[in-house]
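Each chain, written out:
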There are 2 protein chains.
Amino acid sequence: MANAIVSQSGGPTGVINASLVGVIEEACKHKEIDRLYGGLHAVAGIVKEDFIDLKKLSIETLERVAASPSSALGSSREKPNDEYCARILEVLKKRDIRYFYYIGGNDSANTCYIINNMAEREGFQFRAFHVPKTVDNDLLVTDHCPGYGTAGKFVACALMGDDLDNRALAGVKIDVIMGRHAGFLTGASVLGRQRDDDGPHLVYVPERPFAMEKFLADVEGVFKKLGRCVIAVSEGICRPDGKTYAEIIAEDAERDAHGNVQLSGTGALADYLAGKIKSSFGVKRVRADTFGYLQRSFAGLQSKTDVDEARRCGRQAVLYSMQEDNGSVAMKRLGNGADYAVELFRTNLSDVAEHTKSVPDEFINADGNGMTDAFIEYAMPLVGQLPKTEYLGNYPKA
Amino acid sequence: MANAIVSQSGGPTGVINASLVGVIEEACKHKEIDRLYGGLHAVAGIVKEDFIDLKKLSIETLERVAASPSSALGSSREKPNDEYCARILEVLKKRDIRYFYYIGGNDSANTCYIINNMAEREGFQFRAFHVPKTVDNDLLVTDHCPGYGTAGKFVACALMGDDLDNRALAGVKIDVIMGRHAGFLTGASVLGRQRDDDGPHLVYVPERPFAMEKFLADVEGVFKKLGRCVIAVSEGICRPDGKTYAEIIAEDAERDAHGNVQLSGTGALADYLAGKIKSSFGVKRVRADTFGYLQRSFAGLQSKTDVDEARRCGRQAVLYSMQEDNGSVAMKRLGNGADYAVELFRTNLSDVAEHTKSVPDEFINADGNGMTDAFIEYAMPLVGQLPKTEYLGNYPKA
């Protein structure tokens, strides 16, 4: 019998709390686990022994936690080095914590890996398990990541509404979506399309070079055909020479002594693209939104598939830790469409740590400005049921 | 027996289609109305006789319309002058359209008023009714406007998620919310607060002067106390001398030859405020989002109260038109809290046309940086049930 700890790291998601609740409810079932600590603010709180007792929470509280966006234990962006990890191990030993569940992205898998190796070298019996989460869907090995489906649902619903708005008051609309290196979330913008002329009409992901002249020609082409154009763009798009547009804008901003420009939490890229379109061809109404933090933390919006899988991954981490020394929980897809299902499996921490996955070639169209049917088949079950909408402007004239 | 037309004008909302369906379902019950035209893109489509036949739509289609955001008939920002209204009247006469239902804001009420007066002068028997809509909630006479509750629900859910996100990764977060002259929608940011230290901690509406030094002192005060700060700001905030910050930024932008800066569809104000905070006191993490069009057109998110009232207002416009010559549909509040209910009444078009309402003094706190309990009592029933969330960081330490 020993103590256990669970923590949440990196950027919040809409279902990282469901994984937390999965860990808690499963841990409560196993007599091997005595106390279950919640480590506040990830590694930053663990070194300070900033813990709460998770076994004291009522079922009602847990269900509210599971339905809440963001990280109920708080988070941290700190990437612990060896010395930092050694301090963490000190605390774990002191508290007799021998089960470590860490919900996060590839950096969190890496933290698990380092601490686990350290414990092994020191002969401290210890089991470290990583539970995947990310809105970017960019972890290796697993078919997809908890957190992606819910963020994808937000993006799909946003684009559905925004496309209808653009029909009502026509023009060019740009939506900048999270994703520095992987375009999965931006791709989700297409999932709500129902009519042939529904937007987004153009989608740009970081996996393809973004050449300004090609972009402007694409937009003008759609606008000439439909009289409007809705565009989804990843925040991480790069020029063909590999420089991100965020960097390009930041350099301009520095030259103008305008201060810092960040990639998230700013409308700089959206406004930059809008400016290019305005000065490129004769369209009066160009608008641009940057979805920002809403897409990862919005109360009351979850994908049912995503929240169920996130909770299952949390439970499974505890189950694996009863038999195995360490690992990361991953998902294997068993079927698509109506047959969609996943089974969970254990993978090595080192297989998930540090590296990331990109959108595969077959999910991006040949022109590099849209998503394929294969992508829709992949992403649709993760986002789950989307609302049906109606627009009357295409009905026969009276 | 004569024909009728219904149209939607101005910025879309999440329930303007429910009002449209209310008009359609009620119009179908009255033998006085022969054909019911849907006028596409408001006045811009009416002069071109860009009509569809609304009686041909199935009940299933109508229910999908009622649940869809944005304006299913399209919209227009054009403000018709007398000559334009004369062209509209020509079309109405030609098509024997004697019932005119116009869903929109104060400009739409004014259009109804002008056309109605014109018809009267020319002896054309004609009944013009205005159905209120706006996310800004700034129409006169009515207790509140259809469209506000749903946009308010979006803003409340966004701030609930964003506040939890800010707890997870602490810093200063600024959210810029729609509202050029009225702060009702920005005020809705407080409606999801559940815990004493829940954000938004500061709320700024256009009804109060926004002095930069006071703002920075407010933010620093909250940050020193809580280690974080979430701020909701109306896009239309003004300096004490009456100049909007959007104007100030646009002037700066012009001086820098950076091109156009718009009030909506841009992150300029949010980034400007973030920059001021960063250079003012020692906080590393400052983020800013501009909610943009998502707050008025987001698929799958409606306030039940709002969508029900919007539909009722549409039906009532048709009912009034069976007995009265013209008017605008307004709501009177009969009770609050559990006793919340409204009754509808007819008001004169001229009472609603052109002018707008501001947030009353008793809804804004003495410091001009927050909303009062009186506001919450007013706005809560309109937004309806909000999700309950949980954050564990405040629980007793173990």
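None of these values were measured; they are calculated from a predicted model.

Enquirer: If you had to explain the overall build of chain A to someone new, which residues and values would you point to?
Expert: In terms of regular secondary structure, chain A is built from 13 helices and 11 strands. Its C-alpha atoms give chain A a radius of gyration of 23 Å, near enough to 21 Å, the size a compact globule of 398 residues would have. Considering chain A as a whole, with its 398 residues, one finds that 60% of them fall into the buried category. Summarising the internal contacts of chain A: among those between residues at least 6 apart in sequence, 76% fall at separations of at least 24.

Enquirer: How would you explain the sheet that holds strand 9 (residues 286-290) of chain B if you had to name every residue and give the values?
Expert: Residues and elements named next belong to chain B. One open sheet accounts for 4 strands, arranged 7-8-6-9; its pairing is parallel. Of all strands in the sheet, those bounded by a partner on one side alone are strand 7 (202-204) and strand 9. When strand polarity is set aside, the average angle formed by the axes of neighbouring strands in this sheet is 15 degrees. Where strand 7 meets strand 8 (residues 229-234), 3 bridges bridge the pair, whose relative direction is parallel. Note on strand 8: the bridge partner recorded for L202 is I231. Helix-sheet contacts for helix 10 (residues 268-280) involve strand 6 (172-177), strand 8 and strand 9, and the interaxial angle to strand 9 is about 165 degrees.

Enquirer: Requested: an account of the nonpolar core, with residues and values cited.
Expert: Of all hydrophobic cores here, the largest spans 266 residues; its most connected members are F100 and Y101 of chain A together with F100 and Y101 of chain B. Look past the residues within four positions of Y101 of chain A in its chain and what remains in contact with it is A4, V6, V23, F129, V131, A317 and V318 of chain A.

Enquirer: Explain the interface of chain A and chain B to me, using residue names and the numbers behind them.
Expert: Taken together, the 65 residues of chain A in the interface contact 66 residues of chain B. At the level of secondary structure, the elements contributing two or more residues to the side of chain A that touches chain B comprise strand 2 (33-39), strand 3 (51-53), helix 3 (59-67), helix 6 (148-168), helix 10 (268-280) and strand 9 (286-290) of chain A. In terms of residue count, the dominant contributor to the side of chain A that touches chain B is helix 6 of chain A (9 residues).

Enquirer: Explain the packing of helix 1 (residues 16-27) of chain A against helix 11 (residues 304-321) of chain A residue by residue, including any values.
Expert: Residue and element names in this part refer to chain A. Running from N to C, helix 1 and helix 11 cross one another at 40 degrees; their axes reach a closest spacing of 7 Å. In terms of orientation, helix 1 and helix 11 fall into the oblique class. The way helix 1 lies across helix 11 gives a crossing that is right-handed. Residues A18, S19, L20, V21, G22, V23, E25, E26 and A27 of helix 1 form the contact with helix 11, whose own contacting residues are V307, A310, R311, R312, C313, G314, R315, A317, V318 and L319.

Enquirer: With reference to specific residues and values, describe the relation of the copies chain A and chain B.
Expert: Mapping chain A onto chain B calls for a screw motion: a turn of 180 degrees about the axis and a shift of 0.0 Å along it, with 0.0 Å RMSD after fitting. Given the turn and translation reported, the copies of this chain are related as if by a two-fold rotation axis. In terms of C-alpha distance to the rotation axis, chain A has G267 of chain A as its closest residue, with the C-alpha 2.0 Å off the axis.

Enquirer: Give a detailed account of unusual backbone geometry, specifying residues and quantitative values.
Expert: Backbone torsion omega between G199 of chain A and P200 of chain A reads 5 degrees, so that peptide bond is classified as cis. Assignment of secondary structure puts P200 of chain A in the loop between helix 7 (184-187) and strand 7 (202-204). Residues other than glycine seldom take positive phi values, yet S70 of chain A does so here, at roughly 70 degrees. Mapped onto the secondary structure, S70 of chain A falls in the loop between helix 3 and helix 4 (82-94). Of note in the backbone geometry, V141 of chain B takes a positive phi value of approximately 70 degrees without being a glycine. Locating V141 of chain B in the fold gives a position in the loop between strand 5 (127-132) and helix 6 (148-168). Given 18 C-beta atoms within a 10 Å radius, V141 of chain B is considered partly exposed.

Rules and cut-offs
Here, residues in each chain are numbered from 1, in the same order as that chain's written sequence. For naming, the first written chain is A and the first written ligand is 1, with later ones following in the order written. Residue-level local features of this predicted model are given only where pLDDT is at least 70; pairs of side-chain atoms are given and counted only at 80 or more, and the full residue set underlies all totals for whole chains, interfaces and linings. Secondary structure follows DSSP: runs of H or I at least 4 residues long count as helices, runs of E at least 2 residues long count as strands, and numbering of each begins at the N terminus. Each radius of gyration reported is based on C-alpha atoms, and the globular scaling rule is 2.2 Å times the count of residues to the power 0.38. Around each residue's C-beta, the other C-beta atoms within 10 Å are counted; 20 or more make the residue buried, 12 or fewer make it exposed, and counts in between make it partly exposed. All C-beta atoms are placed from the backbone. The contact rule is simple: place each C-beta atom from the backbone, and if two of them lie within 7 Å, those residues are in contact. Should DSSP find at least two bridges between two strands, the strands are taken to pair. In this analysis an axis means a line fitted to C-alpha atoms, helices contributing only their contacting stretch, and an angle means the value between N-to-C directions, from 0 to 180 degrees. To define a nonpolar core, we join buried Ala, Val, Leu, Ile, Met, Phe, Trp, Tyr and Cys residues through C-beta atoms within 7 Å and take the resulting set. Note on terminology: angles under 35 degrees are roughly parallel, angles over 145 are roughly antiparallel, angles of 65 to 115 are roughly perpendicular, and the others are oblique. Helix crossings are classified by the rotation of the near helix relative to the far one: an anticlockwise turn of less than a right angle makes the crossing left-handed, while a clockwise turn makes it right-handed. Overlaid copies result from least-squares superposition on C-alpha atoms, with residues included only where pLDDT is at least 70 in both.

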